[in-house]
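Chain by chain, the residues:
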Amino acid sequence: MMPIEIRMIRVTLFSTLIALMLTSCGMAGKKESDNGNPQESADSVLRTGADQTEAYLPLLEGKRVGLMGNQTSVVGSDSEHLVDVLMANDVDLRFGFAPEHGFRGEIERGEKVSNETDEKTGLPLFTLYGGNEKQDSIVQSIDVMIFDLQDVGARFYTYITSMHRVMELCVKHDKELIVLDRPNPAGDQVDGPVRQDDKFKSNVSFHKIAMIHGLTVGELAHMINGEGWLEDGKQCKLTVIPVQNYTHAMRYELPVVPSPSLPNHLSIRLYGSLCLFEGTDVSVGRGTDWPFQVVGYPDPVFGEFSFTPGEKAGMAKHVEGKGETNYGVDLRDLNPDEQQFTLKYVLDFYQKMPDKSKFFTRPEFFDKLAGTDQLRKQIIAGKTEEEIRESWRADLDAYKEMRTKYLLYPDFE
């Protein structure tokens, strides 16, 4: 393993112990008032990295700054955008990098993100997504980069790929990177196949991590450094501003929609299980008011529940089953916090497909989502979820062991 050169502002031992004790009692962030009702304690309120301006603004004094951010880059209970906070504090902010879905989160999945100007602030914008990975001259113009994107805990969510590319550029041009960490809304689980060799490496499977990786972006940044995953095994000059009073056991609901197809907590919790359908023509509700909360296909064999996808903001060009009546399952009444990664939805739809040769319409993309071609082959072979899980157990156990080296917060087990 490569030596790690890390500057990190740590959560105090006292606040971590308080968070652990309160979480174990089901009272994280609460204390009893005089009348016996729970109320928030100032010492145990969860604070994201972006909320801690006192920690990172001093690190930016006298420096030229770039920002990788989007609509999830918010500060405080009023959800003020980080760009506005930086500008209000006279930070010399030179440009913004935009990930998939754009700087304000309005661009549809897979669509081109162009270099432009942020209409609200006039900030010059560039992108590392969609064939624009090399931005050498731009990065040369600053001293420090800030990364502040809200991940959802699944390997195929491309914001973590963007972070890796930012780290590569910072290494190449000897720039510092400050990661403003945020909770992982699926941080209470580590599951699914670990990505195999580089044949399956892509924007949706960039790292050799579990499909449901159980890391915050700050923890993953340390893993990328520590495992030597940057080009030539080099190290990024990395500072992580950790979340205060967070544990992986916490249930965290995002204050801002992370992308157009994940409009609420339930969709985010189901995303890890349903995203595999993107390697098929099965609809996960894009083009409806319930993306990643319903599943269907234009054949009544899949269930009595029906819906008709159309066009919605951020869900228009890539909509499976558009304009057709899709039949399937309605998941909208499920308890979000009870949802864990499962193959049952994919297995059920494959088994019900009358002509199974039509199920994997994009087999190569399905394999990239899975990080392996074995899952697709196992589904075709009629393997059960238990049998499939057993096949990836050894790799998953090895990943879990490696993961413990980079945890910044108490784990869920």
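Residues numbered from 1 in each chain as written. Predicted model: local features only at pLDDT ≥ 70, side-chain atom pairs only at ≥ 80, totals over all residues. Heavy atoms only, no water.

1. So, the overall build of the chain
Right, on to step 1. A tally of regular secondary structure across the chain gives 11 helices and 17 strands.
Right, on to step 2. Taken across its 413 residues, the chain has 56% of its residues classed as buried.
Right, on to step 3. Of the roughly 17400 Å² that the chain leaves accessible, carbon and sulfur atoms contribute 47%. (Helix = DSSP H or I, 4+ residues; strand = E, 2+ residues; numbered from the N terminus. Buried < 20%, exposed > 50% of the residue type's maximum accessible area, 1.4 Å probe, protein only. Areas by Shrake-Rupley, 256 points an atom, 1.4 Å probe, with all protein chains shown as cover.)

2. Brief notes about the environment of Gly296
Right, on to step 1. Relative to the helices and strands, Gly296 resides in strand β15 (residues 294-297).
Right, on to step 2. Owing to a relative accessible area of 0%, Gly296 belongs among the buried residues under this scheme.
Right, on to step 3. Apart from residues no more than four positions distant in its own chain, Gly296 is found in contact with Val282, Ser283, Phe307, Asn326, Tyr327, Gly328 and Phe349. (Contact = heavy atoms within 4.5 Å.)

3. Focus on the sheet that holds strand β17 (residues 326-330)
Right, on to step 1. What the three strands build is an open sheet, ordered β15-β17-β16; its pairing is antiparallel. With partners counted over all chains shown, the strands left at the sheet margins are β15 and β16 (305-307), one partner each. In this sheet, neighbouring strand axes are inclined to one another by 45° on average, regardless of whether the strands run parallel or antiparallel. (Pairing = 2+ DSSP bridges. Axes fitted to C-alpha atoms, helices over the stretch in contact; angles between N-to-C directions.)

4. With respect to helix α7 (residues 265-274)
Right, on to step 1. Of all 10 residues in α7, 10 are buried, a share of seventy percent or more.
Right, on to step 2. For α7, the set of buried residues is His265, Leu266, Ser267, Ile268, Arg269, Leu270, Tyr271, Gly272, Ser273 and Leu274.
Right, on to step 3. Looking at the buried positions of α7, the neighbouring elements they touch are β13 (210-212), β15 and α8 (344-352).
Right, on to step 4. Put simply, Asn264 is the residue that caps the front of α7, since its side-chain oxygen is 3.4 Å from the backbone nitrogen of Leu266. (Polar contact = N/O pair within 3.5 Å; in protein donor to acceptor, adjacent residues only side chain to side chain.)

5. Describing the packing of aromatic side chains
Right, on to step 1. Tallied over the full model, the rule gives 16 aromatic pairs.
Right, on to step 2. Measuring from ring centre to ring centre gives 5.6 Å for Tyr157 and Tyr271, while their planes differ by 80°; the resulting arrangement is edge-to-face. Taken together, the residues span a long stretch of sequence, with Tyr157 in the loop between β10 (144-148) and α5 (159-172) and Tyr271 in helix α7 at a distance of 114 residues. Of the two residues, Tyr157 and Tyr271, both sit in the buried class.
Right, on to step 3. Arranged with centres 4.9 Å apart and planes meeting at 15°, the rings of Phe302 and Phe349 form a pair that is stacked. Residue Phe302 is found in the loop between β15 and β16, and its partner Phe349 is found in helix α8; the two are separated by 47 residues along the sequence. Both residues of the pair, Phe302 and Phe349, belong to the buried class.
Right, on to step 4. Put simply, the rings of Phe156, Tyr157, Tyr159, Tyr271 and Phe292 pair up and form one aromatic cluster.
Right, on to step 5. Sitting above the plane of the Phe206 ring, Lys201 keeps its charged end 4.5 Å from the centroid. (Phe/Tyr/Trp six-rings, centres within 6.5 Å; stacked < 30°, edge-to-face > 60°. Lys NZ or Arg CZ within 6 Å of the ring centre and 35° of its normal.)

6. Brief notes about the side chain of Thr161
Right, on to step 1. Considering the arrangement of structural elements, one finds Thr161 in helix α5.
Right, on to step 2. Excluding its chain neighbours within four sequence positions, the residues that come into contact with Thr161 are Asn203 and Phe206.

7. Re the pattern of salt bridges
Right, on to step 1. Going through the model one piece at a time under the given rule, you end up with 24 salt bridges.
Right, on to step 2. A salt bridge links Asp148 to Arg182; the shortest N-O distance between them is 2.7 Å. With Asp148 in strand β10 and Arg182 in the loop between β11 (176-180) and β12 (191-194), this pair connects stretches of sequence that are 34 residues apart. Each member of the pair Asp148 and Arg182 is classed as buried.
Right, on to step 3. Note that Asp188 is salt-bridged to Arg269, the shortest N-O span being 2.8 Å. Highlighted residues: Asp188 in the loop between β11 and β12 and Arg269 in helix α7, separated in sequence by 81 residues. The residues Asp188 and Arg269 share a single accessibility class, namely buried.
Right, on to step 4. Linked by salt bridges that have partners in common, Asp188, Arg251 and Arg269 make up one network. (Salt bridge = Lys/Arg side-chain N within 4 Å of Asp/Glu carboxyl O.)

8. Digging into unusual backbone geometry
Right, on to step 1. The phi dihedral of Asn245 falls on the positive side, at around 65°, and the residue is not glycine.
Right, on to step 2. Mapped onto the fold, Asn245 is located in the loop between β14 (237-241) and α7.
Right, on to step 3. By relative accessible area, Asn245 is classed as buried at 4%.
Right, on to step 4. If you check the backbone angles, Phe292 has positive phi at about 55° while not being a glycine.
Right, on to step 5. In this structure, Phe292 sits in the loop between α7 and β15.

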